[in-house]
Amino acid sequence: MTSRSRQRVKDLLGRFADATGIYARNFRSKMVIVTFHRVNDWMTEDPITCGTGRFEEFCLFFKRHFRVVPLSAQIAGCRAARDMGGTLSITFDDGYRDNVEVAAPILGRLGLPATFFVATGFIGTDYTPPWDRHLTRQAGWMDWDQVRALRRMGFEIGAHTDRHVDLAAVDPAAVRAELTRCRETLRRELAEPVTLFAYPFGGREHISEESRRIVQEVGFACCLGAYGGTNPPIPDPFRLNRVTIGGWFATPNQLGFEIVMRSA
Ligand SMILES: [Zn+2]
């Protein structure tokens, strides 16, 4: 089967799961965190970019099937051992400029909270990361005024290291330095402490136990990976997983089906 026809089958199975109440029963038993990178209509062929129409479809799907809450509310729930099943939070990674220019107005119109994880060393620069070098036109990073504007709009800002370093590949001193620099920069630029943390790259192979321990020591309240799973209703805040939304999810129902199939 081609990936296109697999997407179509999963979309159909998702619609079936919705119509028969499987979504409602299944989603209640999971805490879901989704993550986006870019939202715009001029680079939608790129796998980590979501077009505006599709982004809005996903947002409406989240509203319809979950209690969409800020990530910090999920973390507070985890810490208090409250059942967070049926909740979903929306996150963004890296700090692309279209997050404030394109995604934030859509989220605002729909009344949805979100958390933006920024690599502090990218903010306000022209740096092109290795994963974007194939692009003919760069999406660009937010500057600090734009990050502060997101905060003023009521969104949350989180830490994503300073230089988007693979924390499993460097020594403990470098892990600590990256985390501390990121945290201090955010505190200075936003004039408030930032306690949310998401791993760069976010695969299982990028999350070492040693770095997880340092994330806690440095003072963050959570560790988020991104290897495609959901969380149990009362998860450990330092072992949270996210579903990355990119070109591989053609429709919200395909995502819904994937969430049903993943064990929490
Ligand atoms: Zn990232």
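If you're wondering where the values come from, they're calculated on a predicted model, not measured in any experiment. (Residues numbered from 1 in each chain as written. Predicted model: local features only at pLDDT ≥ 70, side-chain atom pairs only at ≥ 80, totals over all residues. Heavy atoms only, no water.)

K.L.:
Sorry, what's going on with the overall build of the protein here?
P.N.:
Broken down by element type, the protein carries 9 helices and 8 strands. Taken over the C-alpha trace, the protein has a radius of gyration of 18 Å; the compact-globule value for 264 residues is 18 Å, and the two agree within 12%. Projecting the C-alpha coordinates of the protein onto the three principal axes gives extents of approximately 50 × 45 × 35 Å. By the burial criterion, 57% of the 264 residues in the protein qualify as buried. For the protein, contacts bridging at least 24 residues in sequence account for 70% of all contacts bridging at least 6. Considering the protein, the positive charge centre built from 34 side chains and the negative charge centre built from 30 side chains are found 6 Å apart. (Helix = DSSP H or I, 4+ residues; strand = E, 2+ residues; numbered from the N terminus. Rg over C-alpha atoms; globule rule 2.2 N^0.38 Å. Buried < 20%, exposed > 50% of the residue type's maximum accessible area, 1.4 Å probe, protein only. Contact = heavy atoms within 4.5 Å. Lys, Arg positive; Asp, Glu negative; His and termini not counted. Charge placed at Lys NZ, Arg CZ, Asp CG, Glu CD.)

K.L.:
Explain the coordination of the zinc ion here, please?
P.N.:
Each angle at a metal carrying four tetrahedral donors should ideally be 109.5 degrees, and each at a metal carrying six octahedral donors should ideally be 90 or 180 degrees. Every protein donor of the zinc ion is listed here as Asp-94 (OD), His-160 (NE2) and His-164 (NE2), and their distances to the metal cover 2.0 to 2.2 Å. Here the donor residues of the zinc ion share one chain and are spaced in sequence as D-x65-H-x3-H. Like His-164, His-160 is buried. (Donors = N, O, S within 2.8 Å, 3.2 Å for Na, K, Ca; no water.)

K.L.:
In this structure, what is going on with the nonpolar core? I would like to understand it.
P.N.:
Proteins that are soluble and globular tend to have nonpolar side chains buried together. One finds Phe-36, Phe-55, Phe-62, Ile-90, Phe-92 and Leu-107 to be the most contacted residues of the largest nonpolar core, which totals 59 residues. Excluding anything up to four places from it in sequence, Phe-55 contacts Phe-36, Val-39, Cys-50, Phe-92, Ala-103, Ile-106 and Leu-107. Listed in part, the 13 residues of the second largest apolar core include Met-31, Leu-71, Leu-196 and Ala-198. (Core = buried A, V, L, I, M, F, W, Y, C linked by side-chain atoms within 4.5 Å.)

K.L.:
Just checking my understanding: could you explain the environment of Ala-226 for this structure?
P.N.:
Structurally, Ala-226 is set in the loop between α8 (209-218) and β8 (243-244). Overall, the relative accessible area of 17% leaves Ala-226 in the buried class. Counting along the chain gives 26 residues from Ala-226 to Pro-200, while the straight-line C-alpha distance between them is 8.9 Å. Each residue touching Ala-226, except ones within four places of it in the same chain, is listed here: Phe-201, Gly-202, Asn-241, Arg-242 and Thr-244.

K.L.:
Whenever I open this one, the environment of Ala-19 confuses me. Can you help?
P.N.:
Note on placement: Ala-19 falls in helix α1 (residues 3-19). Look at Ala-19 and you get exposed, because its relative accessible area is 69%. Distance from Ala-19 to Ile-75, taken between C-alpha atoms, is 31 Å for residues 56 residues apart in sequence.

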